[in-house]
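Chain residues, written in single-letter form:
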Amino acid sequence: MGLSAQKRLRSIVSYSILILWSFVLLFPMYWVVITSFKNAIDMSIKATYLPFVDFQPGLHAWRYLFVDRLTWFLDPFMNSVVIAFISSTIALAIGSSAGYALARFDYGGRNNSIVLGFMSQRMFPGALFILAFLVMFRELGLLDTRAALIIVYSSGAIPFIVWVMRDFFEGLPVEIEESAMIDGANRLGVLFRIAMPLAAPGLVAVFVLSLIGAWNEYLVALTLTFREAITIPLFMTMQVSQTGYTEWWNMSAISLISVIPVVAAGMALEKYITSGLTFGALKG
Amino acid sequence: MATETRIDSPKRSRFEIRDNIWKWIFLLPAVAIIVILLAIPVLWTLYAAFTDLHLYRIGIDTKFVGLANFEKLLSNRSFWRTARNTVVFMLGVVPTQLFIGLTIALALNNITRGQKLFRTWFLMPLMVSPVVVSFIVGRMLFQEDIGPINEILRDLGFQGIPWLTSPTWAMVALMVIDVWQWSSFMILMLLAALQGVPPDLHEAARVDGANQLQAFWSITVPLIMPITMTALLIRIIDAFKVVDIIMVLTGGGPGQATESVTLAIYRTGVKGGDLAFGSSQAYFLLLVLMIFGGAYLVLTRRAMGKD
């Protein structure tokens, strides 16, 4: 076999593997999409795979959600939106300025230890926190409030942001900042007008990643909220435990509403997200 | 003066004195939040593990019980069952993810056209909520009577699998879900590692007469090893902490067959209110993670140093 034939064979094999795995990833998502257009009858006798071929798609699940019962899922949806955005914004502001400080200032030669201290949080299992959080927020009277989840999620995202952003800022040239300071700018101005804009790709990546983390979190939400402040994941699981029966088409529609925004954001920012996700490990 | 600072540490600014206030204003909020929300819970849980604290009797007559909770833990068969489940889960998912991750990353590294498209699509599972994956997708796809997986199996002439009612298959279903969701992490990490391998090194080995497999084994593998080891450690730790997909797909059942340590802690401490016993379980998990993580780091460093 010649070298070019070998090369062609290799790329045929590669594409086959990639397409196969793409289908494995696609199938469950396809199933949720078609289920959201199904009727009860399409799910009670046998599995149906193709709209218009073996079942007649309908919009009733979507109509049910957006017309009949909008308020029913709007509350948890808004909880998720508010909690995810506020907690990520707080985490970004606090975490990135700490990352900047650790990149630019000297803390008695202990900068690396401080960063490691932040990252030690990664090691701790969530189970170690939920019991203390439960008692803590109960004493504070914050159980079942958005504030409780905002506090927990922002503190959860800060270490990761400090870690990524410190490296990001370290990679930026310090000369621009220095000349701005010679021209009379102070540190705060330098951070907001010069460093932050230059670090925008990193900031976007960590912001979106912490947004997704807060949006999808389940264990803490389950521990700290139960009615008023429940988020979308919790809302979905509660639909079953209450009735023991699930309206899969409605659940599928809700899943799509909750999944599409974050998946779209993540995939649109693929380059930044991938670098944020793989970041720490690539350094180590 | 200015030049001196710059020689010492070229990345640092020469405005050290003026910055003395900002230095702390920028850093302290993050430190304060982490100390309050990390250190306090960790220490409080340690304290709780040595008491008889109960959720419905907080502040009333709390007694120190020494190591009683840990003694109870070690002799508790149900806890060991959950520990075993967690290890089985980890051993099932991590090697599979490594295998899939390496295969796909090699394939991706092999192609040029469409690479970005595949990479973007492979990011998708990492963005999807585990609850959606496990609850909606898992329960629908693994449904025993009319779920598509069993239907396809029956069409192929096999028997339907009792996914959620058999202890073994319930565990397999959870593993499938975790592999579906997290293989992408391995793919992206290993792809980044592979792209760091200089192509001319590989070519040189081929010119020197090494075949494809030899070149891969002697050039690529050692070079991607550090990232692979880190990625594995991250996945192992995460697999040890598994909880949400279990809560929603099987609830730990049938019986206790798929209950993980974290789920047991939730059941004991949050649902049952036994904060003391739950805390001791949490510390047991932390101890295992620390011993394991430490040993892993030492061993991999040593192994790679020898290479």
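Being a predicted model, the structure only gives us computed values, none of them experimental.

Q: Explain the overall build of chain A to me, please; I cannot follow it from the model alone.
A: A tally of regular secondary structure across chain A gives 13 helices and 0 strands. Its helices and strands taken in sequence order, chain A reads α-α-α-α-α-α-α-α-α-α-α-α-α from the N to the C terminus. Expected size for 284 residues packed as a compact globule is a radius of gyration near 19 Å; at 24 Å, chain A overshoots this value by more than 25%. Dimensions of chain A, computed from C-alpha atoms along their principal axes, come out at roughly 75 × 75 × 35 Å. Here chain A, with 284 residues, has 53% of them falling under the buried criterion. Surface summary for chain A: the accessible area is close to 12,200 Å², and the carbon and sulfur share equals 68%. Averaging the positions of the 18 positive and the 17 negative side-chain charges in chain A gives two centres separated by 7 Å.

Q: Help me understand the domain arrangement of chain A in this model?
A: How big an interface is tends to be reported as the loss of accessible area on association of its parts. Residues and elements named next belong to chain A. Once the domains are mapped, chain A shows domain 1 (24–58) and domain 2 (70–283). Centre-to-centre separation of domain 1 and domain 2, based on C-alpha positions: 35 Å. Each partner contributes to the interface: domain 1 provides 8 residues, whereas domain 2 provides 6 residues. Both sides together, the interface formed by domain 1 and domain 2 hides about 590 Å², and carbon and sulfur atoms give 85% of it. Counting every contact that joins domain 1 to domain 2 gives 0 residue pairs in polar contact (both at pLDDT 80 or more).

Q: I would appreciate a short explanation of a nonpolar patch on the surface in the present structure.
A: Residues and elements named next belong to chain A. A contiguous nonpolar surface patch, about 410 Å² in accessible area, is contributed by Phe66, Val67, Leu70, Leu74 and Met78. Of all the secondary-structure elements, those providing two or more residues to the nonpolar patch are helix H2 (60–68) and helix H3 (70–104). Among the elements that take part in the nonpolar patch, H3 stands out by supplying 3 residues, more than any other. Structurally, Met78 can be placed in helix H3.

Q: Can you walk me through helix H2 (residues 20–49) of chain B in this structure?
A: What sets the pattern is the α-helix's 3.6 residues per turn: residues three or four places apart point alike. With 30 residues, H2 of chain B ought to run about 44 Å at 1.5 Å a step, and its terminal C-alpha atoms sit 42 Å apart, in line with that. Maximal helix bending in H2 of chain B amounts to about 35°, located at Leu28 of chain B; proline Pro29 of chain B follows within four positions.

Q: Would you take a moment to explain the nonpolar core for this structure?
A: In summary, soluble globular proteins display a tendency toward joint burial of nonpolar side chains. Core analysis: the biggest nonpolar cluster contains 184 residues, and Met236 of chain A together with Phe89, Phe122 and Ile136 of chain B have the highest contact counts within it. The element that contributes the greatest number of residues to this core is helix H8 (residues 167–195) of chain B, accounting for 16 residues. When neighbours within four sequence positions are excluded, Met236 of chain A is seen to be in contact with Met251, Ile254, Ser255 and Ser258 of chain A together with Val131, Val132, Phe135 and Ile136 of chain B.

Q: Sorry if this is basic, but what is going on with the side chain of Ser184 of chain B here?
A: Checked against the element boundaries, Ser184 of chain B lands in helix H8. For Ser184 of chain B, a relative accessible area of 0% puts it in the buried group. Other than its neighbours up to four places away in sequence, Ser184 of chain B contacts Leu25 of chain A together with Phe122, Pro125 and Leu126 of chain B.

Q: Honestly, the side chain of Ser166 of chain B in this entry has me stumped. Any pointers?
A: Residue and element names in this part refer to chain B. Relative to the helices and strands, Ser166 is located in the loop between helix H7 (148–155) and H8. Among the residues examined, Ser166 registers a relative accessible area of 14% and is labelled buried. Here the side chain of Ser166 touches Trp169 through a polar contact of 3.1 Å, landing on its backbone nitrogen.

Q: Just checking my understanding: could you explain the confidence of the model for chain B for this structure?
A: Predicted coordinates in regions of low pLDDT should not be interpreted in detail. Residue and element names in this part refer to chain B. For chain B, per-residue confidence averages 86 on the pLDDT scale, and 93% of positions sit at 70 or higher. By mean pLDDT, helix H1 (residues 2–8) is the weakest element of chain B at 41, and helix H4 (residues 77–110) is the strongest at 94. Counted against residues more than four places away or in other chains, residues 1–13, with its pLDDT under 50, gives 25 contacts.

Q: Teacher, can you tell me more about the interface of chain B and chain A here?
A: Across the boundary between the two partners, chain B contributes 102 residues, which contact 100 residues of chain A. Summing the contributions of chain B and of chain A, the shared interface buries around 9,300 Å²; its carbon and sulfur component is 75%. Remark: the boundary between chain B and chain A carries 2 salt bridges. The partner of Glu270 of chain A in a salt bridge is Arg119 of chain B, with the nearest N and O atoms 3.0 Å apart. Ranked by residues supplied to the side of chain B that touches chain A, first place goes to H2 of chain B with 17 residues. Grouping the constituent residues of the side of chain B that touches chain A by class yields 68 nonpolar, 18 polar and 16 charged.

Scoring rules and cut-offs
- Residues numbered from 1 in each chain as written.
- Chains lettered and ligands numbered in written order.
- Predicted model: local features only at pLDDT ≥ 70, side-chain atom pairs only at ≥ 80, totals over all residues.
- Heavy atoms only, no water.
- Helix = DSSP H or I, 4+ residues; strand = E, 2+ residues; numbered from the N terminus.
- Rg over C-alpha atoms; globule rule 2.2 N^0.38 Å.
- Buried < 20%, exposed > 50% of the residue type's maximum accessible area, 1.4 Å probe, protein only.
- Areas by Shrake-Rupley, 256 points an atom, 1.4 Å probe, with all protein chains shown as cover.
- Lys, Arg positive; Asp, Glu negative; His and termini not counted.
- Charge placed at Lys NZ, Arg CZ, Asp CG, Glu CD.
- Domains from an automatic or database assignment.
- Contact = heavy atoms within 4.5 Å.
- Buried area = accessible area lost by both parts, 1.4 Å probe.
- Polar contact = N/O pair within 3.5 Å; in protein donor to acceptor, adjacent residues only side chain to side chain.
- Patch = residues over 30% accessible without salt bridge, like charges linked within 9 Å, V, L, I, M, F, W, Y side chains within 5 Å.
- Salt bridge = Lys/Arg side-chain N within 4 Å of Asp/Glu carboxyl O.
- Expected span 1.5 Å × (residues − 1).
- Bend = angle between axes of the 7 residues up to and from the residue.
- Core = buried A, V, L, I, M, F, W, Y, C linked by side-chain atoms within 4.5 Å.
- pLDDT = per-residue confidence, 0-100.
- Nonpolar A, V, L, I, M, F, W, Y, C, P; charged D, E, K, R; others polar.

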